[in-house]
Amino acid sequence: MKQQSLFPTPLWTARFNDADQLTRWEDRVMVLKAADPIGVQLTNQGAWHSQTTLLQDPGLHELFGWIAAQVHGALSAWGWDLEQARPRFNNAWAVVSRSGDSHGAHIHPNSLFSGVFYLSAPSGSGAIAFLDPRAGALMLQPPLHREAAAREIGRLRLVPETGLLLLFPAWLWHEVELSSCQDPPAVRKVVARAFDHAGACGEEQCVVTARLSKLTSGSG
Ligand SMILES: [Fe+2]
């Protein structure tokens, strides 16, 4: 029989390989952390969570420019007509996790896509886990060979890597498992962001689209 996959859930990945630039962005996040040690409390359990205004930080403009370029390419390849409707960033924040920290399962309401970019991910960094959004699929759990189980088990784990970018639909439930770093100072830093889709150009959307264009051109 011929098999088709209906309603697939995309997960895009990309890698940034300039270690020096990653270190500069990481240093910038640590400056923000030092200036605001309390941060905010959302789904983070123990981890430091920055304010959600990182898009306005000049020290990170090139970072979001690179991310914007990756997003642009992914959505274009997926079939979006970007001449008619362009994505725009909604907000962005940073997280610094240490051993024992985690994030509870959550989605990102009022956004279309969300993503995570790992500025550094030492050994023991908590894995991100994506949860099967198909409630009905959990009713069917036959014995599966290893390869099939990896995609059908209802929970997909990805071990963080320094420089790894993940992009996925904002409605996809995800969580971060406990970090258990062994080597002090065991720190994991994450920049995450969610963004909305901008349709026909209105006043507010024009302002934001201009900002995205600036970021994109700045990244080369
Ligand atoms: Fe998230």
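Cut-offs used in this document
- Within any chain, residue numbers begin from 1 and follow the written order of that chain's sequence.
- Where local features are concerned, this predicted model is filtered to residues with pLDDT of at least 70; where side-chain atom pairs are given and counted, the filter is 80 or more; whole-chain, interface and lining totals use all residues.
- A helix here means a DSSP run of H or I that spans at least four residues, while a strand means a run of E at least two residues long, and both kinds are numbered starting from the N terminus.
- Partly exposed residues are those whose C-beta has more than 12 but fewer than 20 other C-beta atoms within 10 Å; with 20 or more the residue is buried, with 12 or fewer it is exposed, and the C-beta atoms are placed from the backbone.
- Note on contacts: each residue gets a C-beta atom placed from the backbone, and two residues are in contact if those atoms are within 7 Å.
- Two strands form a pair only when DSSP identifies at least two bridges running between them.
- Between the first and last residue of a helix there are one fewer steps than residues, each counted as 1.5 Å, and that sum is the expected span.
- Starting at the helix axis, one direction is taken to each C-beta atom, and the arc is that of these directions.
- The term nonpolar core refers to a set of buried Ala, Val, Leu, Ile, Met, Phe, Trp, Tyr and Cys residues connected through C-beta atoms within 7 Å.
- Residue-level confidence of the predictor is summarised by pLDDT, bounded by 0 at the bottom and 100 at the top.

What about the overall build of the chain?
Link 1 in the chain: Along the backbone of the chain there are four helices and 11 strands.
Link 2 in the chain: Here the chain holds 220 residues, and the buried ones make up 26% of them.
Link 3 in the chain: Nonlocal contacts in the chain, meaning residues at least 24 apart in sequence, comprise 88% of its contacts between residues at least 6 apart.

Overview of the pairing of strand β6 (residues 113-120)
Link 1 in the chain: For β6, the buried fraction is high: seven of the eight residues fall into the buried class.
Link 2 in the chain: In the sheet, β6 pairs with strand β9 (residues 164-169) via five bridges, with the strands oriented antiparallel. Paired with G115 across the strands is L167, a residue of β9.

With respect to the environment of W78
Link 1 in the chain: Tracing the backbone through its elements, the reader meets W78 in helix α2 (residues 61-78).
Link 2 in the chain: What makes W78 exposed here is the crowd of 9 C-beta atoms within 10 Å.
Link 3 in the chain: Along the primary structure W78 and P10 are separated by 68 residues, whereas in three dimensions their C-alpha atoms are 9.2 Å apart.

Overview of the sheet that holds strand β2 (residues 44-45)
Where strands meet in a sheet, backbone hydrogen bonds hold them as pairs that are either parallel or antiparallel.
Link 1 in the chain: Across the sheet, five strands lie side by side as β2-β5-β10-β7-β8; this open sheet has antiparallel pairing. If you trace the sheet from one side to the other, it starts and ends with β2 and β8 (155-158), each paired once.
Link 2 in the chain: Across two bridges, strand β5 (residues 102-106) lies against strand β10 (residues 174-176) in antiparallel orientation. Residue H103 lies in a different strand from β10, and its bridge partner there is V176.

Thoughts on the pairing of β5
Link 1 in the chain: Here β2 pairs with β5 via two bridges, running antiparallel. Within the sheet, the bridge partner assigned to N44 lies in β5 and is H103.

Describing helix α1 (residues 19-35)
Link 1 in the chain: Spanning 17 residues, α1 covers 24 Å between terminal C-alpha atoms, matching the ideal 24 Å at 1.5 Å per step.
Link 2 in the chain: Those residues of α1 that fall on the buried side of the exposure criterion are W25, V29 and L32. Summarising the axial view, the buried residues of α1 lie within an arc of 55°, below the 170-degree limit, and thus occupy one face. Turned more than 90 degrees away from the buried face of α1, the exposed residues are A19, D20, D27, V31, A34 and A35.

So, α2
Link 1 in the chain: A rise of 1.5 Å per residue sets the reference length of α2, with its 18 residues, at 26 Å; its end C-alpha atoms lie 25 Å apart and thus fit the reference within 8%.
Link 2 in the chain: Where α2 terminates, the next one or two residues include G79, which has phi positive at roughly 115°.

Side note on the nonpolar core
Link 1 in the chain: In this structure, F64, I67 and A94 are the most contacted members of the largest nonpolar core, which totals 27 residues.
Link 2 in the chain: Per-element tally for this core: the top contributor is α2, with seven residues.

Side note on unusual backbone geometry
Link 1 in the chain: Even without being a glycine, F7 presents a positive backbone phi close to 55°.
Link 2 in the chain: Mapped onto the secondary structure, F7 falls in the segment before β1 (12-15).

A few points about the confidence of the model for the chain
Link 1 in the chain: Looking at the chain as a whole, the pLDDT averages 77, with 81% of positions reaching at least 70.
Link 2 in the chain: In this model residues 197-220 is a low-confidence stretch, pLDDT under 50, and it forms 35 contacts with partners more than four residues away in sequence or in other chains.

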